[in-house]
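Results of the structural survey
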Amino acid sequence: MGLNLIVLVKQVPDTQNITGDAMKEDGTVNRAALPAIFNPDDLYALEAALGLKDRFPGTTVKVITMGPPAAAAILKECLYRGADFTALVSDRGFAGADTLATSYALKCAIEKLGAWDLVFSGRQAIDGDTAQVGPQTAEKLGLNQITNISRIEEVEIQKRTITARRSVEGGWERVRTGFPVLLTFTAEGEAPRPPSAKRTMAYKRVSPLAGPQDDSVMALWDIPAIKAAPEQCGLAGSPTKVKNITSVVLTAGEIRYIDPGEGGITALVHDLIADHTLG
C-alpha cells in the first residue's frame, strides 16, 4: 500500500543578491531584478516526500507551485529528483498575493488533486520569512499540522499515523498524529538528493500544458481550473498592504582595535560598563 503525497514548493528571489531594485513602488517584489532559485526549505520537504516514496512502493509524489510561468523551472527540478506529477498554478489574478491569498490558492489546487495522505512544505520562504503559508493552508484544509520538522521518524500506513521530530527552542520534541496532516520542514533534515541524469534527459523538454490536462507530468492551472474565487486571489484577496518602503544602507561606523591581552579586554569591559552596555 502506497501513500498519496503532495509537496508545496516555491521559486524565490535569491536573497543573497539583494539590490536597491529588489522592491517595486507598490511594495511587491521585483522578481526581474533578482535571480530565481528553488526555496531552500522546500527542497528538504521534497526530499522527505521522496524518502517515503523510496520506502513504500506505490507511493506517488505530486508537487504544486504558484508563480509566474518561469516557476516551471523548479517543477522540472522536482521531476528530475523523482516527483511523479507537477502543477504550476499561474494566473495574472494571483499577482501580488500575500500569505492569506497564497494559501487560499494552494488549498484550491490541493483539493483539485483529490485524495491525499500527507502535505509537505518548507518551514518558510526566504523572500518573506513569514512561515505562514504552510500553517494557513492546513487551516483552510481543516488539517492537523506539525511544523519545524527535522525528520520523519516513523510512518505506520495501516494505522495511518506519522511520528516526526520537530525542532523547538533549546531542543526537540517527538510528535505523532494521524492522516491526513500537513508537515513543514527545516533544513535540518536529510540532504536533498541530486537530480537523476536519466530523469533529467526524460523531462528536460517538458512544459506546462494549458487547461486541466492532468495526464501530463506537468500541468498549468489558472483561477478557473482550481475553482478559486477571483476576489480571494492576488492583491484583491490580500489584506496585507505596504504603506511605504525604506531603503536601508549600512555604513561603517567608528572602529576600535582592542588589544587581545588582559589589559585591553579589561579596559573594554570597563568601557562597556561605563556606557551601560553591561551592568
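Here's a quick rundown of the structure. (Residues numbered from 1 in each chain as written. Predicted model: local features only at pLDDT ≥ 70, side-chain atom pairs only at ≥ 80, totals over all residues. Heavy atoms only, no water.)

Let's shift gears to the packing of aromatic side chains. To describe a pair of aromatic rings, you give the distance between the ring centres and the angle between the ring planes. One pass over the full model with this rule turns up 2 aromatic pairs. Between F85 and W221, the aromatic rings sit 6.1 Å apart at their centres with planes inclined by 40°, giving tilted as the arrangement. In this pair, F85 sits in strand β5 (residues 85–89) while W221 sits in strand β11 (residues 218–221), placing the two residues 136 residues apart along the sequence. You'll find F85 and W221 in the same group, each marked buried. Ring centres of F120 and F185 lie 5.5 Å apart, and the angle between their planes is 10°; on these two criteria the pair is classed as stacked. (Phe/Tyr/Trp six-rings, centres within 6.5 Å; stacked < 30°, edge-to-face > 60°. Helix = DSSP H or I, 4+ residues; strand = E, 2+ residues; numbered from the N terminus. Buried < 20%, exposed > 50% of the residue type's maximum accessible area, 1.4 Å probe, protein only.)

Within helix α2 (residues 72–81), 7 of the 10 residues are buried, leaving the element largely enclosed by the surrounding structure. Of the residues making up α2, those classed as buried are A72, I74, L75, C78, L79, Y80 and R81. Immediately downstream of α2, the backbone of G82 shows phi near 140°, a positive value.

Further remarks concern helix α3 (residues 99–113). When the terminal C-alpha atoms of α3 are compared, their 21 Å separation across 15 residues agrees well with the 21 Å that a helix rising 1.5 Å per residue should span. For α3, a buried count of 12 out of 15 residues is recorded, marking the element as mostly surrounded by other parts of the structure. Close packing links the buried residues of α3 with β1 (4–9), β4 (60–66), β5, β6 (118–122), α4 (133–141) and β11. The residue sitting at the N-terminus of α3 and contributing the capping side-chain oxygen is D98; that oxygen lies 3.1 Å from the backbone nitrogen of L100. One or two residues past the end of α3 sits G114, with phi positive at roughly 90°. (Expected span 1.5 Å × (residues − 1). Contact = heavy atoms within 4.5 Å. Polar contact = N/O pair within 3.5 Å; in protein donor to acceptor, adjacent residues only side chain to side chain.)

What follows concerns a nonpolar patch on the surface. Taken together, I265, V269, I273 and L278 make up a surface patch of nonpolar side chains, about 310 Å² in accessible area. Along the chain, I273 falls in helix α6 (residues 262–274). Note on I273: relative accessible area 43%, which makes it partly exposed. (Patch = residues over 30% accessible without salt bridge, like charges linked within 9 Å, V, L, I, M, F, W, Y side chains within 5 Å. Areas by Shrake-Rupley, 256 points an atom, 1.4 Å probe, with all protein chains shown as cover. Salt bridge = Lys/Arg side-chain N within 4 Å of Asp/Glu carboxyl O.)

Shape descriptors only; they carry no functional weight alone.
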